[in-house]
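Chain by chain, the residues run as shown.
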Amino acid sequence: MSRSAPASRRTAKTEYIETDTGNKISRRAHIEGKQNIMLGGKTVIMSGVHLRGDLCRKPEPAADGEKEKTSVTAISIGRSTIIATNSIIRPPNRLHKGQMTYIPMRIGDNVFIGPNCHISSASISNHVHVGANSVLSSLCIIKEGSKVLPGTVVPPNMTIPAGRRWWGG
Amino acid sequence: MATKSKRRLSNTTTTAPNLSAPSANCKLHSTAIIADKAQLTGAHGIEIGEGTFVHPYARIDAEFGRVVIGRGCIVSEKAVVGSRVSRGVDGGEDEGVVVIGDGVGIEAGASVAAIRVGEHCMIEVNARVGAGAVLGRWCRVGACCVVAEGEVLEDFTVVFGDGRRRIDAVAKGREDVRDARAKAREMEIEVLRTLVADGSMRWRGG
Amino acid sequence: MAIQYPFTSYACPCSDLTSPPPSTVNRRTSFHPSAIQLDEDQTFNPHSPRANHALYPLDHLLYCDECDALRCPRCWTEEVLYWYCPMCLFEVPSSAVKGDGNRCSRSCYTCPSCTSQLAVTQITGRKEDGDATADRDTYILQCPYCDWSSLEIDLQFDRPTKITEQISRLRKARTTAEQEKAAPDAKPLLHEDAFANLTTFYKEQLSDTTDPQNPYSNSPYSSPANLARIMSLYGGLPYNALKKSKEKPQPMREALQPSEGLRTYTDADSDANIIQQMQTLGWDRTTSAHQRNSAPTNDDARFTDQLWPAAAPLCTRRGKRCKACRQFLTRPEGKVGSMKYRIRLLAVNHIPRLSIRPFLPQQQTTGAPTTNPAFHLRAEELPTPELLQPYQTKQYILTVRNPLFESVHISLATPATTPGKVASRVTILCPTFTVGPAGELWDDALASTSNSSTTSGDGGRSAAMASLTGSMAESSMADRQPEAGKIWTKTRNSTSVVMEIVPGSVGVGTTRIVSGAEEHDDTGGAGEDEDVLEVPVYVRAEWEVEVKLGESTGKRKFDADPGAPLRKELGYWVVLSVGRIAS
């Protein structure tokens, strides 16, 4: 959202705010840490969606003389992706070298995430379809063109190969 | 049933965060972090222990009974802690009381109405623990799993898949495994402390 | 998921139900609906019990351009192009698959308890084991979903890599120790060993069909290699000649000893013991059939604490060939994770597509957006399906969309009353028409922008309408009525016609006009889904293709002069599922 905020058209009080790049974000979406969220353009964030951009990898302490990096990307979402109502997008965390860190999450282009989903994947590739009420647990990887049917629980660390349909849980 | 409860959730989260200020008998530990947008409601009072972390949009509902959350717990967004019905031990004074032990993790969208949740339990995404249930120590309720009303889970029970149950013999038998898990929870809270601002002043302001 | 009416499905010609297309008369241009009614056998009956096996959504069908026909999953064969592991996404060469079986030999294991993917987890060494192991890290496999870990079967690894090697080593060590503990005469063979023994035994049997009863069976001469060596040592006939001299091959014998892979019942674990264990451990601790079949190591596991992690079964990527002419219908690129195709002959790109939607005079310009239930955005949004009222005429717009680059002449034929228990009356107001050619995607965009300067609002469609119906004013559009023999709307590559349907009554069986035609489903009351109004439509598409010189025309139906346009014709049954009739 770093590209978005200032030039949004606020002529009429509509449900959606449209950004320069054509992202549409519902006013009723719950967005935390918006400086850490990147939207690719023409992406729709519907009402009641939670985006947890505040859960990011801590920026490294600035080296001497360098300016401290203020923003890191926690969630990056590609172009023309739809995140339907009441879904939660939350970057996963894990122990890495004895330290708990939040892993940046990447969602590709043309991804559809249905209503009431919980997404903690490490990455979701392009053209993925996630049905309603699914839970993608932390650090799972969904490859290109896969389809997760409604109500599926994808366990942590699971990899779903490209072009597969996945259900159960 | 599932959609019904979700609908209720979504309705409440879209309304203003502080529906009704909890009464003065709230006891929030000074090191507990309660995010600004968390919701603490109900007249029966809420007790939150040392170092516990409450995410934004989490809801702690003491409308039907007191809610006690122990030390080092995490309550995630859209999780609801609190009994929706006045059901408790023998209909006595414990009616609607929810007690959460130390080091419990309650994931996003879960709803916990149990009388007691033992220490170091893990309640995963969208899981539901019915009113009056009792969870022992080190239990784990998997994503979207349901613990029925009034059900009692013994220590180290894992609820997963289509409501299957098993006893986690490893955690039962090995202290080091348990320690590692408890440590991971502590570290997560440690990181969260640096990332999310404390908004608990509003609740303790009193 | 609930089915959303209306939808269309296409019948594959491989089914018995789809009769051969009614006589391929060249110049036959029109079908009167009653013409087909005369021959009841030729009408596709969507309510026939076997119809479901012939009907597919168009997206599931392929098209063989050699045979000029639709191809369904029953008329293509699949061919494995490569194997890969679904967890680590590495390709496994076919030689490795043949040698090591279809399991990943890297560190990919699934949880025996819940089948999710196991993670290699590091645990720091315990102090209690003494000084030597105090600081050594060990690794375990842990399930992040149900908390199963390899510690449950006391399995720990020294290194986080080469798990397969470590597991097989540990398992071997453990099983041999167990076997030594057990009585020497009652050694139950483990599944893997039995399998290995059996394979070697049968391989030997195949390569060498010597008589098992031969006098040398207990001597060093029993092995053919030994025998050959000895024969050559002592001269005489070479072994091969000896073998040839045998009059007929001996029948293969079966395994007789454990060393050959024979497994017999042993009461090493006595039944009483097992039953007692079952009683104490309970149902939850016994293994399910799924768990026992998850891996060869779990084949004998009776209780959950005997389960070993299962190596990930490999996945395949397959190409599809036409069964008739063996050409590839689809052939994906040979790279793991790539969704690109080298060959992909989809039916969608080769045959005109039919779609149906209710005729709504108010919304005729925009049309009700057809909602795909997979893409609904709010959980509470799902509309309840509207039921059709019996004997109430409803109009539908039937749209034929042409994916071909030539303009296609379409003839639609439908029985006047639908087959099945509930007879509904169907009339297509304009059964023959032409559909324009498809173009590149941007053609549509260009056409609509150039039109929008002259016409307001709807662009291409209204322009096409205006040209079709004479210069019709925009205002008169609203109260335009469907007319027989007239096309409703037309765009560049699609044409819509109006269809009138009078649903029959579900309860009353006497409304059927042709009685006794379907004796086979005389089961009395309306069967399952008999109340679904399904209209079979026979679509005949005819078009002309420019034949390039040198192209073989032998397989074509018509012998055309080279250079002259080649006439192509395609007929197929489409079933329009309109909706459920209220009873």
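Residues numbered from 1 in each chain as written. Chains lettered and ligands numbered in written order. Predicted model: local features only at pLDDT ≥ 70, side-chain atom pairs only at ≥ 80, totals over all residues.

Chain C carries the name Dynactin subunit 4 in an unreviewed UniProt entry, which gives Neohortaea acidophila as its organism. Recorded in UniProt for chain C, the comment headed Sequence similarities (unreviewed entry) runs: "Belongs to the dynactin subunit 4 family." (UniProt positions renumbered as here; feature names shortened; annotations may be inferred.)

In the nomenclature of an unreviewed UniProt entry, chain B is known as Dynactin subunit 6 of Neohortaea acidophila. The UniProt entry for chain B carries the following comment under Sequence similarities (unreviewed entry): "Belongs to the dynactin subunits 5/6 family. Dynactin subunit 6 subfamily." Taken verbatim from the UniProt record of chain B, the Function (unreviewed entry) comment is "Part of the dynactin complex that activates the molecular motor dynein for ultra-processive transport along microtubules."

**Looking at the sheet that holds strand E18 (residues 141-142) of chain A**
All names here are of chain A. The strand order across the open sheet formed by six strands is E4-E7-E12-E15-E18-E21, and the pairing between neighbours is parallel. What marks the edges here is a single partner per strand, and that holds for strand E4 (37-39) and strand E21 (159-160). Inspection of the sheet shows E4 paired to strand E7 (residues 75-77) by three bridges, in the parallel sense. Residue pairing for E7: Ile 37 is matched across the bridge by Ile 75. (Pairing = 2+ DSSP bridges. Helix = DSSP H or I, 4+ residues; strand = E, 2+ residues; numbered from the N terminus.)

**Regarding the pairing of strand E11 (residues 99-102) of chain A**
Residues and elements named next belong to chain A. Pairing of strand E10 (residues 93-96) with E11 involves four bridges; the strand directions are antiparallel. In the sheet register, Asn 93 faces E11, and the bridge partner there is Tyr 102. Between the antiparallel neighbours E10 and E11 lie two residues, among them Lys 97 with a positive phi of about 50°.

**Let's talk about the pairing of strand E15 (residues 394-401) of chain C**
Residues and elements named next belong to chain C. Bridge analysis of strand E14 (residues 353-358) against E15 gives six bridges, and the strand direction is antiparallel. Pairing of Arg 357 across the sheet is with Ile 397, part of E15. Bridge count for E15 against strand E20 (residues 494-502) is eight bridges, and the pairing is antiparallel. For Thr 399, the partnering residue across the bridge sits in E20 and is Ser 496.

**Side note on the interface of chain B and chain C**
Many descriptions give the size of an interface as the accessible area lost when the pieces come together. Listed as interface residues are 17 residues of chain B and, on the opposing side, 13 residues of chain C. Elements with a minimum of two residues in the side of chain B that touches chain C: helix H1 (2-14), strand E20 (157-160), strand E21 (164-167), helix H2 (169-173) and helix H3 (175-195) of chain B. For the side of chain B that touches chain C, the per-class residue count stands at six nonpolar, three polar and eight charged. (Contact = placed C-beta atoms within 7 Å. Nonpolar A, V, L, I, M, F, W, Y, C, P; charged D, E, K, R; others polar.)

**As for the sheet that holds strand E5 (residues 76-84) of chain C**
Residues and elements named next belong to chain C. The antiparallel open sheet is built from five strands, whose spatial order is E6-E5-E11-E12-E13. Both edges of this open sheet fall to strand E6 (91-92) and strand E13 (341-344), since each of them pairs with a single strand only. Bridge count between E5 and strand E11 (residues 315-322): eight bridges; the pairing is antiparallel. The residue of E11 that forms the bridge with Tyr 82 is Arg 317.

**Some points on the interface of chain A and chain B**
Residue-level contacts link 20 residues of chain A with 22 residues of chain B. Broken down by secondary-structure element, the contributors of at least two residues to the side of chain A that touches chain B are strand E3 (30-32) and E10 of chain A. Each residue belonging to the side of chain A that touches chain B can be placed in one class, and the counts come to seven nonpolar, eight polar and five charged.

**Quick look at the environment of Ala 171 of chain B**
Looking at the element boundaries, Ala 171 of chain B is found in helix H2. In this structure Ala 171 of chain B comes out as buried when scored by C-beta crowding, with 23 C-beta atoms within 10 Å. Residues Ala 171 of chain B and Asp 155 of chain B, spaced 16 residues apart in sequence, show a C-alpha to C-alpha distance of 10.0 Å. Those residues in contact with Ala 171 of chain B that lie beyond four places of it in its chain are Trp 138, Phe 156, Val 177 and Arg 178 of chain B together with Asp 147 of chain C. (Buried ≥ 20, exposed ≤ 12 C-beta atoms within 10 Å, placed from the backbone.)

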